[in-house]
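Residues per chain, in single letters:
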Amino acid sequence: MELVVDANILFSALIRKGLTAELLFEDGFRLYVPEYILEEFFEHEPLILEKTSRTREEFIQIMHTLKEVIIVIPKEEYLDLMMEAEKISPDPADTIYFALALKLGCGIWSNDKKLKNQKKVKVYSTEEVLEFV
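Here the structure is a predicted model, which means the values were calculated and not measured.

Caption draft 1: Geometry of the packing of helix 1 (residues 7-15) against helix 4 (residues 45-52). Running from amino to carboxyl end, helix 1 crosses helix 4 at an angle of 40°, the nearest separation of the two axes being 9 Å. Considered as vectors, helix 1 and helix 4 are oriented oblique to each other. When helix 1 is examined against helix 4, the residues F11, L14 and I15 are found in contact with a partner set consisting of I48, K51 and T52. Among the residues making up the contact of helix 1 with helix 4, the classes are represented as 4 nonpolar, 1 polar and 1 charged.

Take a look at the structure:
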């Protein structure tokens, strides 16, 4: 199953060990993120370190591990779909995920319920993703 992963899913996996973190490493999933997520993670590094009680070295190691299972897509590859994504995204902050999902022809993994308030892209919660394992 191919999915675009919302940043909040990745933040959740970084902050606490559990189901979300385990699902990221399950066989059978091809997971994608827009390239800006890496920037966002490093911008929020102090908060992540505070919430997780991890060292910077552990944070960097986790980031390297995530990059092994998640495919980072450059914005140039889905930029042409941003206008269409703006029309369907219930939240302007999530337009980039919709553009990438449209480009790849796949769904989005997010626990943000308002993202389901459209009919163009299927949005899966963690519980729904678990059903595919």
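Back to the text.
Caption draft 2: Focus on the side chain of T20. Topologically, T20 is positioned in helix 2 (residues 19-24). Ignoring any residue separated from it by four or fewer positions in sequence, one finds T20 in contact with I9, S12, A13, W109 and T126.

Caption draft 3: Examining the sheet that holds strand 5 (residues 123-124) more closely. Ordered in space as 3-2-1-4-5, the 5 strands form an open sheet in which the pairing is parallel. With one partner strand each, in any of the chains shown, strand 3 (70-73) and strand 5 form the two edges of the open sheet. In terms of strand pairing, strand 2 (residues 30-34) meets strand 3 through 4 bridges, oriented parallel. Paired with P34 across the two strands is I73, which belongs to strand 3. Across the face of the sheet, helix 5 (residues 56-69) comes into contact with strand 2 and strand 3 while running at roughly 85° to strand 3.

Caption draft 4: Fine view of the nonpolar core. Formed by 45 residues in total, the largest nonpolar core has its most connected members in L10, L24, L31, F41, F98, I108 and W109. At 7 residues, the largest contribution of residues to this core is made by helix 7 (residues 95-104). Each residue touching I108, except ones within four places of it in the same chain, is listed here: L3, V4, Y97, F98, A101, V121, K122, V123 and Y124.

Calculation notes
- For every chain, the first residue of the written sequence is number 1, and numbering continues from 1 onward in sequence order.
- Residues qualify for local features only when their pLDDT is at least 70, as the model is predicted, and side-chain atom pairs are given and counted only at 80 or more; totals for whole chains, interfaces and linings, by contrast, use all residues.
- Where side-chain values are given, they derive from all heavy atoms of the structure, hydrogens and water being excluded.
- Fitted lines through C-alpha atoms serve as axes, helices being fitted only where they are in contact, and the angles separating the N-to-C directions of these axes extend from 0 to 180 degrees.
- Think of it this way: any DSSP run of H or I at least four residues long counts as a helix, any run of E at least two long counts as a strand, and we number them from the N terminus.
- An angle below 35 degrees is treated as roughly parallel, one above 145 as roughly antiparallel, one from 65 to 115 as roughly perpendicular, and anything else as oblique.
- Only heavy atoms enter the contact rule, under which two residues are in contact if any of them lie within 4.5 Å.
- For this classification, the nonpolar set comprises Ala, Val, Leu, Ile, Met, Phe, Trp, Tyr, Cys and Pro, the charged set comprises Asp, Glu, Lys and Arg, and every other residue, Gly included, is treated as polar.
- Two strands are counted as paired when DSSP detects at least two bridges linking them.
- Take the buried residues of types Ala, Val, Leu, Ile, Met, Phe, Trp, Tyr and Cys, join any two whose side-chain atoms come within 4.5 Å, and each joined set is a nonpolar core.
- Only protein chains enter the area calculation, which uses a 1.4 Å probe; residues under 20% of their type maximum are buried, those over 50% are exposed, and those in between are partly exposed.

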